[in-house]
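# Fold and contact review
Spelled out, the chains give:
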2 protein chains.
Amino acid sequence: MANNKYCVIMAGGIGTRFWPMSRLSRPKQFLDILGTGKSFIRHTYERFAKIVPAENFLVVTNDKYKAQVLEHLPELDASQILCEPVGRNTAPCIAYAAYRLMRQNPDAEMIVTPSDHLILNEEDFRAIIAECMEFASTHDALMTVGIKPTRPETGYGYIQVSNNDPISKVKCFTEKPNLELAQVFIQTGEFFWNSGIFIWKVRSIIEAFEKYLPEHHALFSGVMRAPDAETERRIVETAFSECRAISIDYGIMEKADNVYVRCGEFGWSDVGTWGSVYQQSRKDRYANAIPPEGCYVYDTRSSIVSLPKEKIAVISGLKEYIVVDTEDVLMICPRAEEQNIKKFIDEVKFHNGDKHI
Amino acid sequence: MANNKYCVIMAGGIGTRFWPMSRLSRPKQFLDILGTGKSFIRHTYERFAKIVPAENFLVVTNDKYKAQVLEHLPELDASQILCEPVGRNTAPCIAYAAYRLMRQNPDAEMIVTPSDHLILNEEDFRAIIAECMEFASTHDALMTVGIKPTRPETGYGYIQVSNNDPISKVKCFTEKPNLELAQVFIQTGEFFWNSGIFIWKVRSIIEAFEKYLPEHHALFSGVMRAPDAETERRIVETAFSECRAISIDYGIMEKADNVYVRCGEFGWSDVGTWGSVYQQSRKDRYANAIPPEGCYVYDTRSSIVSLPKEKIAVISGLKEYIVVDTEDVLMICPRAEEQNIKKFIDEVKFHNGDKHI
C-alpha cells in the first residue's frame, strides 16, 4: 500500500533580516545561525523524515536555490525540488505543490511547513502532527498548528480558537496586532500564534483553491495533467508570472469554513530576528551569546556575536550589541537597532551594488 | 670620492601594540596603518634616500624579517640587511651596524633611525638632518634629534637642552616622566622629546662603545675585521647571545659628555598606539577615522576602524572605539582601554597558542 503522507517544505525565502550572515545567495534556511551543526532546512527535513518517507518530500524554492537544497538534502531527487521562477508568497507556492501531488497521488495527505523555524521539543511536535494528520485524513479539514504565546509579540499572526478542545475550529485569524491588542489576546487565552504549518488532504486544499482562489486554480491546475517535466515547467512559468502574490492565510484560511487548529507547546520560534536568535542561544554568565571558542569578551554583556569558522575575536566594552562578522562584511549594531538592518542593506546596495547583499 | 653618508634603519621591532593588525610575523614597520599606500619602513627609506645613496643603507632586523625588508626595499642588496639572531634593544643593534660600517668605510658618517615613525614635514626634517650631519662631520659629537613637545606625554623620553642655540649640548636625559614632571618639563621650555634618531661619525660612536660599553665593544668589534660573511655571522651570533640588552640612550647617550641635540618641529609621531594613529588620521565630520570607502557608520563618533582590503563594515552606535578587523582576528575595544591589548594577546596566546599573535 502506498504511503499517502507527504511533506512540502517551503524554502523560497530570501530573508534579509540576518544580513550580513544571510545573503541573496545564501538565505536563512541554508544557515546554521544558532550553531547547532545543521542548517534550518536540514533540521526541518529530519524533523519530518521520521513520519514521511524521503521520496514523499517536496521542496518548493526559487530556481537559484535548487542546487543548495539538494546539497542540504541529498536524500531527495532533483524531481522533488519544485522551482518557483519568482516568489509570490505562500498561496502560489502551495498551489504548485498541491497540483503536483494531486497528479502523483490523489489520496495524498499533505503537510506544509516553513523551512527555517526552530522546534526544540521534536517529540511533542511530532505527536501533534500525527494527531493533525489523523484528523485531516478523516475530515474534510484544513488544519493549522497554533502555538501557545509566551509574550505579546506584534510581529506574528494570531489564531482565535472557538473552544478548548485539543483540535478546535478556528474562529478568526488576525495578522500582526498592535501591542495593546496583542496583550488582550494573551489575556483571553483564546489566541495562539500561527506557526505557518498546515495539514490537509490534497483534495481538500484543491477544493479550497477552486472555491476561494479560482484564479490560482485556473493557472496552476494544469500541473495536475502535465505529461512531462517540460510542460510542467512552462505551465509554472506562466502561472507564477501571471498570478497574484497572496498568502495562504489571507487567500484561503481566513475565508474557508472548514479550518481547524491544533494548539500546542513544543519550543517553537520562527527565529525571525537577531533578537530571537539571542533568546534561543546559550549564554555565558554575562548573558552573552557568543561562540564557545575563540571569542574573548571583556566588560561585555547581553551581546550576540557571530564569527566565521576559525576566526577569533576580542571584544571589550559592548553592552547589548549584535556583532556579525563574515568573510566580506562586518556588522556592529546595538540589539535595539536591529530593525535598521534593512536600511543598512539599502545604503550598502546603493553604494556598492549587490556584491555584499 | 666615496659618499661617506650612511643610514642605518633599525627594523627589529616586534611591536604588539597594533595587534591584531601587527603580528609577530608582520610587525608594525611593515604595515601601512595610516593608509598612506606605503609601509612605515618604505616611508623611512624614501625619506633618507634623498640624502643617502641606496648602497649606503643598512637595515638591522631580526633574522625572520629579512625577506620582508627586501620586499619593501627592493633597492637594497641582501648584504645590506644585518640580521639580529635575537633582539637586545638598541645598543647591540647600533654596535653591529657601527662595526660593520667601520669595516666598509672608517670615514662613514652614520644616521641611525627607527623604521616605524611618522614624519609629516619631510623637507624641514631633511634640512635638520643635513645640519646635524654637517655638525657631526666637523665635531666629535654624538648627535640626537629632539622634538618640540606638544603635550605632556608620559610615554616618551625627554632631552633637556643647556641653551637655546639650534644645536645645543644635552644637559640630561629623562625616560618616561610621570604626568606632573612632564607638565613641568613642558613649562620650562628646556625639554624636548627624544626621537630616537642619531647622527655621528662611525669613529665617534665606536670610541663611545669602547669607553661606556666595553663589554659590547669586546663582543662586536670582531665584525670590523671579519674576513667573510660566515665569520661575521658567527661573531654576531655569539655577541647577541652573550651581550646585555641595553638601550643606546641608557648605555651611551646619558653617560657621554659629547652629546648634542638639534631640536625641531616637523610633524613627528612615533605612532606608538592606536590613539596616535587616530590623532594622525583624517576624520569624517563625526570625528571618525574610518576607511574612505566601504565603511558605513551610523550614530558613531570619535572611533577608528581598520578593515582588510575589499571588506565592508556597517557600524552603528559606537562612541570612541577601536575596531580592527583582519583576516583571522576581530578586535573591538574602547579607545580608552587600548593599554589592555597586551592583556588580550596574553589571553589569546594562553588559549590558542601563537597562531593569532
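Structure: above.
Right, let's walk through the structure included here.

Conventions adopted
Residues numbered from 1 in each chain as written. Chains lettered and ligands numbered in written order. Predicted model: local features only at pLDDT ≥ 70, side-chain atom pairs only at ≥ 80, totals over all residues. Heavy atoms only, no water. Helix = DSSP H or I, 4+ residues; strand = E, 2+ residues; numbered from the N terminus. Rg over C-alpha atoms; globule rule 2.2 N^0.38 Å. Buried < 20%, exposed > 50% of the residue type's maximum accessible area, 1.4 Å probe, protein only. Contact = heavy atoms within 4.5 Å. Areas by Shrake-Rupley, 256 points an atom, 1.4 Å probe, with all protein chains shown as cover. Lys, Arg positive; Asp, Glu negative; His and termini not counted. Charge placed at Lys NZ, Arg CZ, Asp CG, Glu CD. Pairing = 2+ DSSP bridges. Axes fitted to C-alpha atoms, helices over the stretch in contact; angles between N-to-C directions. 1 Å grid on protein atoms, 1.4 Å probe; cavity = no way out; pocket = protein on both sides within 12 Å on 5 of 7 lines; lining within 4 Å. Points joined across faces, edges and corners; volume = space filled by probe spheres on them. Nonpolar A, V, L, I, M, F, W, Y, C, P; charged D, E, K, R; others polar. Phe/Tyr/Trp six-rings, centres within 6.5 Å; stacked < 30°, edge-to-face > 60°. Lys NZ or Arg CZ within 6 Å of the ring centre and 35° of its normal. Buried area = accessible area lost by both parts, 1.4 Å probe. Salt bridge = Lys/Arg side-chain N within 4 Å of Asp/Glu carboxyl O. Polar contact = N/O pair within 3.5 Å; in protein donor to acceptor, adjacent residues only side chain to side chain. Least-squares fit on C-alpha atoms with pLDDT ≥ 70 in both. Parallel < 35°, antiparallel > 145°, perpendicular 65-115°, else oblique. Left-handed = near helix turned anticlockwise from the far one by under 90°.

### Quick word on the overall build of chain A
The secondary structure content of chain A amounts to eleven helices and 16 strands. For a compact globule of 357 residues, the expected C-alpha radius of gyration is about 21 Å, and chain A comes in at 21 Å, within 12% of that figure. Its C-alpha atoms give chain A principal-axis dimensions of about 60 × 50 × 40 Å. Residues classed as buried in chain A amount to 56% of the 357 residues present. Contacts in chain A between residues far apart in sequence, at least 24 positions, make up 66% of those at least 6 positions apart. Surface summary for chain A: the accessible area is close to 15,500 Å², and the carbon and sulfur share equals 49%. Distance from the positive charge centre (41 side chains) to the negative charge centre (48 side chains) of chain A: 2 Å.

### Structural notes on unusual backbone geometry
Residues apart from glycine generally show negative phi values, whereas peptide bonds are mostly found in trans. The omega torsion of the bond from Trp19(A) to Pro20(A) falls at 5°, within 30 degrees of zero and hence cis. Along the polypeptide, Pro20(A) turns up in the loop between strand E1 (5-10) and helix H1 (40-49). We note that Asp299(B) has phi near 50°; this positive angle belongs to a residue other than glycine. Within the element layout of this structure, Asp299(B) appears in the loop between strand E12 (295-298) and strand E13 (304-306). One non-glycine residue with positive phi stands out, namely Glu310(B), at about 75°. Counting through the fold element by element, Glu310(B) comes out in the loop between E13 and strand E14 (312-316). For Glu310(B), a relative accessible area of 61% corresponds to the exposed category.

### A look at the sheet that holds strand E16 (residues 329-334) of chain B
Spatially, E12(A)-E14(A)-E16(B)-E15(B)-E13(B) is the arrangement adopted by the five strands of the open sheet, whose pairing is mixed. Single-partner strands in this sheet number two, and they are strand E12 (295-298) of chain A together with E13 of chain B. Averaged over all neighbouring strand pairs, the angle between strand axes comes to 5°, with direction disregarded. Alignment of E12(A) against strand E14 (residues 312-316) of chain A, held across four bridges, turns out to be parallel. Looking at E14(A), one finds that Tyr296(A) is bridged to Val314(A). Contacting E12 and E14 of chain A together with E16 of chain B, helix H11 (residues 341-352) of chain B runs over the sheet at an angle of about 145° to E12(A).

### Side note on empty space enclosed by the protein
All names here are of chain A. Applying the stated criterion across every chain, the model contains one cavity of 30 Å³ or more. Roughly 40 Å³ of internal volume is contained in the largest cavity. Together, Gly157, Tyr158, Phe173, Thr174, Glu175, Asn194, Asp249 and Glu254 line the largest cavity. Along the lines of polarity and charge, the residues of the lining of the largest cavity split into two nonpolar, three polar and three charged.

### A word on the packing of aromatic side chains
For the structure shown, the criterion picks out 32 aromatic pairs over all chains. On the basis of an interplanar angle of 5° and a centroid distance of 3.8 Å, the ring pair of Phe185(A) and Phe191(A) is categorised as stacked. Take Phe185(A) and Phe191(A): they sit in the same class, and that class is buried. Members of the aromatic cluster, connected to one another through ring pairs, are Phe48(A), Phe125(A) and Phe266(A). Arg335(A) extends its terminal NZ or CZ atom over the ring of Tyr278(A), reaching a point 3.8 Å from the ring centre. Taking the ring centre of Tyr250(B) as reference, the NZ or CZ of Lys255(B) above it sits at 4.4 Å.

### Some points on the interface of chain B and chain A
Listed as interface residues are 33 residues of chain B and, on the opposing side, 33 residues of chain A. Across the interface of chain B and chain A, roughly 2,700 Å² is buried in total on both sides, 59% from carbon and sulfur atoms. There are four salt bridges connecting chain B and chain A. We note a salt bridge from Glu310(B) to Lys355(A), for which the minimum N-O separation is 3.8 Å. The tally of links from chain B across to chain A stands at 20 residue pairs in polar contact (both at pLDDT 80 or more). For the side of chain B that touches chain A, the secondary structure elements donating two or more residues are E12, E14, strand E15 (321-325), E16 and H11 of chain B. Its residues assigned to classes, the side of chain B that touches chain A shows 19 nonpolar, six polar and eight charged. Note that strand E16 (residues 329-334) of chain A and E14(B) share four bridges and pair parallel. Bridged to Ile332(A) within E14(B) is Ile315(B).

### Considerations on the relation of the copies chain B and chain A
Turning one copy of the chain about an axis and sliding it along that axis gives the other copy, so a rotation and a shift relate them. Laying chain B over chain A is done by rotating through 179° and shifting 0.0 Å along the axis; what remains is an RMSD of 0.1 Å. Taken together, the rotation and translation describe the operation of a two-fold axis. If distances are taken from each C-alpha of chain B to the rotation axis, the shortest is found for Glu327(B), at 4.0 Å. Taken together, the interface assignments show that 100% of the residues at the interface of chain B recur at the interface of chain A, consistent with an identical surface on both copies.

### Overview of the environment of Glu293(A)
Assignment of secondary structure puts Glu293(A) in the loop between helix H10 (274-280) and E12. Linking Glu293(A) and Pro152(A), residues 141 residues apart in sequence, is a C-alpha distance of 35 Å.

### Concerning the side chain of Ser247(A)
All names here are of chain A. In this fold, Ser247 is placed in the loop between helix H8 (229-242) and helix H9 (248-253). Overall, the relative accessible area of 16% leaves Ser247 in the buried class. A polar atom in the side chain of Ser247 sits 3.0 Å from the backbone nitrogen of Tyr250. Among all residues touching Ser247, those that are not within four sequence positions of it are Asn89, Thr90 and Ala91.

### Observations regarding the sheet that holds E16(A)
Taken in spatial order, the five strands of this open sheet run E13(A)-E15(A)-E16(A)-E14(B)-E12(B), and their pairing is mixed. Every interior strand has two partners, whereas the edge strands, strand E13 (304-306) of chain A together with E12 of chain B, have only one. On average, each strand axis in the sheet is tilted by 5° relative to the strand beside it, whichever way the strands run. Sheet strands in contact with helix H11 (residues 341-352) of chain A are E16 of chain A together with E12 and E14 of chain B, and its direction is about 145° off that of E12(B).

### Let's talk about the pattern of salt bridges
Residues and elements named next belong to chain B. All chains considered together, the criterion is met by 44 salt bridges over all chains. Between Asp299 and Lys319 there is a salt bridge; the shortest N-O distance is 3.3 Å. With a gap of 20 residues between them, Asp299 in the loop between E12 and E13 and Lys319 in the loop between E14 and E15 connect regions that are remote in the sequence.

### A look at the pairing of E1(A)
Residue and element names in this part refer to chain A. Of all six residues making up E1, five are buried, and the element is well covered by its neighbours. Here six bridges tie E1 to strand E4 (residues 109-114), and the two strands are oriented parallel to one another. Residue Lys5 lies in a different strand from E4, and its bridge partner there is Glu109. Two strands pair when backbone bridges link them, and E1 and strand E2 (residues 57-62) are joined in this way by four bridges, in the parallel orientation. In the sheet register, Met10 faces E2, and the bridge partner there is Val60.

### Details of the packing of helix H3 (residues 90-104) of chain B against helix H6 (residues 202-212) of chain B
All names here are of chain B. Packing of H3 against H6 leaves a shortest axis separation of 10 Å and a crossing angle of 130°. One finds that H3 runs oblique with respect to H6. The element H3 and its partner H6 pack so that their crossing is left-handed. Judged by residue contacts, Ala91, Ile94, Ala95, Ala98, Tyr99, Leu101 and Met102 of H3 engage Val202, Arg203, Ile205, Ile206 and Phe209 from H6. Its residues placed into classes, the contact of H3 with H6 shows eleven nonpolar, no polar and one charged.

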